[in-house]
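# Chains, contacts and geometry: an overview
Letter by letter, the chains look like this.
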Amino acid sequence: MKRIRLLPENLINQIAAGEVIERPASIVKELVENSIDAGATRVEIEISNECRNIRVADNGSGIHSDDVALAFSRHATSKLEQEKDLWAISTLGFRGEALASIISVAKVTCLTRTADSPHGVKVECENSEITISETGCAIGTTMEVKELFYNVPARKKFLKKSQTELASIIEVVQSIAISYPEISIHLIHKGRTTLKTTGSRDLSTVVSEIYSRELLDELVEVYKDDSQDKLEVKGFVSNPNFTRSNKKAIYLFVNGRTVKCPILSKAIDTAYKGLIPGDKYPFAILDLIIPASEVDVNVHPAKREIRYTNPNQMFNFVYSAVKSTLEFNSFSSSTISSDAIVSPSRSGFQSEYKTSSKPYFPVANAQNKVDFSKMQEKIGKSMEFFSPPTQSKIEFNEDITTNANWFKVIGQLFNTYIIIENPEGLQIVDQHIAHERVIYEKLKSSQNFASQLLLTSIPVELEPTQISGLEENRELLAKFGYEYEIENKQVTLKQVPQILVNSAPDKIINDILESLEGSLEHIENKILITTACHAAVKAGAKLSIWQMEELINDWLNTSYNKTCPHGRKISHIINSKEIASFFGRIETN
Ligand code: ADP
Ligand code: MG
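Cut-offs applied
Residues numbered from 1 in each chain as written. Chains lettered and ligands numbered in written order. Predicted model: local features only at pLDDT ≥ 70, side-chain atom pairs only at ≥ 80, totals over all residues. Heavy atoms only, no water. Pairing = 2+ DSSP bridges. Helix = DSSP H or I, 4+ residues; strand = E, 2+ residues; numbered from the N terminus. Phe/Tyr/Trp six-rings, centres within 6.5 Å; stacked < 30°, edge-to-face > 60°. Buried < 20%, exposed > 50% of the residue type's maximum accessible area, 1.4 Å probe, protein only. Lys NZ or Arg CZ within 6 Å of the ring centre and 35° of its normal. Near = heavy atom within 4 Å. Polar contact = N/O pair within 3.5 Å; in protein donor to acceptor, adjacent residues only side chain to side chain. Areas by Shrake-Rupley, 256 points an atom, 1.4 Å probe, with all protein chains shown as cover. Axes fitted to C-alpha atoms, helices over the stretch in contact; angles between N-to-C directions. Contact = heavy atoms within 4.5 Å. Patch = residues over 30% accessible without salt bridge, like charges linked within 9 Å, V, L, I, M, F, W, Y side chains within 5 Å. Salt bridge = Lys/Arg side-chain N within 4 Å of Asp/Glu carboxyl O. pLDDT = per-residue confidence, 0-100. Core = buried A, V, L, I, M, F, W, Y, C linked by side-chain atoms within 4.5 Å. Domains from an automatic or database assignment. Parallel < 35°, antiparallel > 145°, perpendicular 65-115°, else oblique. Left-handed = near helix turned anticlockwise from the far one by under 90°. Nonpolar A, V, L, I, M, F, W, Y, C, P; charged D, E, K, R; others polar.

Sheet architecture is open: 5 strands sit in the order E9-E10-E13-E11-E12, paired in mixed fashion. Since the sheet does not close on itself, it has two edges, and those belong to strand E9 (219–226) and strand E12 (257–258), each with one partner.

Given below as structure tokens:
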């Protein structure tokens, strides 16, 4: 038996590094989190050399020159002073392990300077040996990690293809960028920008910077708070039509910290149950804010797992927030009860759709997908039987191949739905919602909010908070064509956007008030949506064929014609195969 001896420091660090530094993405995560803990508002990440070189530069506090050597030794941290701090952690790091681990598996150069120091410090680490010298540099810290795993060939061998490592770096950076909308994050790979956020402080802006503007149309805002228990959940979830085949686009944060949290995942899954197929996932960004004492983050070395004091409470809180958001946006079901054809004011949404228990997503249809050309052939053949053969065949082919936007208005149902024939089959379009989408996009692109003076309008009595909301946003609302007088708790609309002159102005005020919550960009968008909603043709209004044709044409030319700006479905298609198979004209299997 060999004698026992203490491991050399470098080896201890390498063993510890095995837990923290699995791959390049782990280094990116640790370094960027350090920048955030240091109060940086700008972080630049540069990746090269097959993801083995990582440079992270920030404009944060810098490291005091007397502490710099300590920062690179194990269990050295500025973030935890006494035991009680461990139970109320508010920084991302706290173990003081990352830098010590990184220098044990890579060559590191660090430039750092604090605001009160006239010069900076340069630290060079190789084989865990540190040399420190004075240097000129900007306030903040730049960590340059080179040749990752140069001294650990076994680990180097396990690095995946550079493309795969980069993908996981992007995932880490995306997640951090989403959780810190106030920080401008720039990821550069081989000299080219891969991701850039501007630090706008607005989550929806960050989402559009990382993904696209179009994605925003698919999302609805989630917000719920419980002032008694000091709980808050906020973020976005996608409408049930927009799904993904993996969970990568579910971003979960607890107090701004990225977490893997089965409890929150389950809460989201449960809220979407019956709305999306079992093998699909929504896009979701949710940040749960809870008192630091209610959560223990000290479970996993990479600090992604957490424990709650009261997991049931968290589950219920998040579940009900997501569920009621989906219900409020009327995603809870696809069918409308027959007595529910009313003008969809914001508050009308819930009651209109809640009654039905049918699943939102037509799962059976998805399974029935068949080869379209075969089907066409079959339908063509069977149709020959009943009608002048050439005509029906030619019409069918022409429609499908020459113009995807071809349609013919058949008529109006309940003065609310426009029934059209198109290459796919029979389409039922909700006239109000389709028109709303048309107006919304026109308003958005033209930015023309010509305003019209109202001769008469009924004063509306409001709560003091509502009054102050209108006072505060007077300038903003004027930009969109709304002007009003406030007197003795009463508000009277004096001017409205031109397209609204025929609507009842007193009915708009409440919806406008509801628009005034959230970030500025959100408010502006919500005002547009409200304007569009009130200007759009109402359910129950009789339309002539040419009016319907014009509406459908405009609607088909909108950039996104599947849902209204609130996320409600605009149309339903009964495809030709379904119709043909119902009448026994094609075989079903
Ligand atoms: P931890 O983040 O858990 O404290 P690290 O090993 O990641 O441990 O960092 C050690 C210490 O180095 C930190 O506590 C902090 O004081 C300092 N530090 C590291 N990176 C930065 C940075 N970018 N800016 C300012 N200080 C930093
Ligand atoms: Mg750290």
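By the definition in use, this model includes 5 aromatic pairs. Here Phe582 and Phe583 contribute two aromatic rings whose centre-to-centre distance is 4.9 Å and whose plane-to-plane angle is 85°, an arrangement assigned as edge-to-face. Considered together, Phe582 and Phe583 belong to a single accessibility category, that of exposed residues. In textbook terms, an aromatic cluster arises when at least three aromatic residues are bridged by ring pairs, as seen for Tyr211, Tyr251 and Phe283. Sitting over the face of the ring of Tyr150, Lys107 holds its NZ or CZ atom 5.0 Å from the ring centroid.

A separate point is the site of ligand 1. Around ligand 1 there are 20 residues in total, and Asn34, Thr77, Ser78, Lys79 and Gly96 lie nearest to it. With respect to ligand 1, the side chain of Asp58 contributes an N or O atom lying 2.9 Å from a nitrogen atom. One of the backbone nitrogen or oxygen atoms of Leu99 is found 2.9 Å away from an oxygen atom of ligand 1. Considering ligand 1 on its own, with 530 Å² of exposed area, one finds that the protein chains cover 93% of that surface.

In this section: the sheet that holds strand E16 (residues 408–413). The strand order across the open sheet built from 4 strands is E16-E17-E18-E23, with neighbouring strands paired in antiparallel fashion. A strand with exactly one partner marks an edge of an open sheet, and here the two such strands are E16 and strand E23 (571–575). Neighbouring strand axes in the sheet, compared pairwise and without regard to direction, differ in orientation by 20° on average. When strand E18 (residues 425–430) meets E23, the two strands line up antiparallel, connected through 5 bridges. Bridge assignment links Gly425 to a residue of E23, and that residue is Asn575. Sitting on the sheet, helix H15 (residues 431–446) is in contact with E16, strand E17 (417–422) and E18, with an inclination near 75° to E18.

Here we come to the environment of Ile486. Tracing the sequence through the fold places Ile486 in strand E21 (residues 483–487). With near-sequence residues (within four places) excluded, Ile486 lies in contact with Ile467, Leu470, Glu471, Arg474 and Val491.

Mapped onto the elements of the fold, Lys569 is located in the loop between helix H20 (545–556) and E23. Classification of Lys569 by relative accessible area gives partly exposed; the value is 29%. Each C-alpha atom of the pair Lys569 and Ile433 lies 7.8 Å from the other, and the pair is 136 residues apart in sequence.

This part takes up the environment of Glu232. The residue Glu232 is located in strand E10 (residues 231–238) in this model. Its relative accessible area of 23% is what places Glu232 among the partly exposed residues. For the pair formed by Glu232 and Leu288, sequence separation is 56 residues and the distance between their alpha carbons is 5.8 Å. Once residues lying within four places of it in the same chain are set aside, the contact partners of Glu232 are Tyr223, Lys224, Asp225, Asp287, Leu288, Ile289 and Phe317.

On the surface, Leu7, Leu11 and Ile15 cluster together into a nonpolar patch covering about 270 Å² of accessible area. Within the secondary structure, Leu7 is located in the segment before helix H1 (9–20).

On to the pattern of salt bridges, then. Under the counting rule described, the total for this entry stands at 18 salt bridges. Between Lys248 and Glu171 there is a salt bridge, with the nearest N and O atoms lying 3.8 Å from each other. Here Lys248 is found in the loop between E10 and strand E11 (250–254), whereas its partner Glu171 is found in helix H6 (residues 162–179), with 77 residues between them in sequence. On the basis of relative accessible area, Lys248 is assigned to the exposed category, the value being 53%. Between Glu524 and Lys479 there is a salt bridge, and its shortest N-O distance comes to 3.0 Å. Taken as a pair, Glu524 in helix H19 (residues 520–535) and Lys479 in helix H17 (residues 474–479) lie far apart in primary sequence, 45 residues in all. A relative accessible area of 45% means that Lys479 is categorised as partly exposed. What you see here is one network of salt bridges that share partners, running through Glu44, Glu46 and Arg55.

On to the confidence of the model for the chain. Of the residues in the chain, 83% reach a pLDDT of 70 or more, and the chain-wide mean stands at 80. Below pLDDT 50 for its whole length, residues 333–402 participates in 86 contacts with residues either more than four positions away or in separate chains.

With that settled, consider the nonpolar core. In terms of nonpolar packing, the biggest core is built from 61 residues, with Val28, Leu31, Ile45 and Phe72 touching the most fellow members. Considering each element in turn, this core owes the most residues, 7 residues, to H6. Formed jointly, this core draws a minimum of three residues from each of two domains, domain 1 (9–196) and domain 2 (218–332). Discounting chain neighbours no more than four positions away, the residues touching Ile45 are Val28, Val32, Arg55, Val56, Val173, Ile185, His186, Leu187 and Ile188. Of all hydrophobic cores here, the second largest spans 31 residues; its members include Val233, Tyr272, Ala284 and Val318.

This next bit is on the packing of H15 against H20. It is the contact of H15 with H20, at a shortest axis distance of 9 Å, that shows an interaxial angle of 55°. In terms of axis orientation, H15 runs oblique to H20. In the packing of H15 onto H20, the handedness of the crossing is left-handed. In this structure, H15 contributes Gln431, Ala434, His435, Arg437, Val438 and Lys442 to the contact, and H20 contributes Leu551, Asp554 and Trp555. Across the contact of H15 with H20, the residue classes break down as 4 nonpolar, 2 polar and 3 charged.

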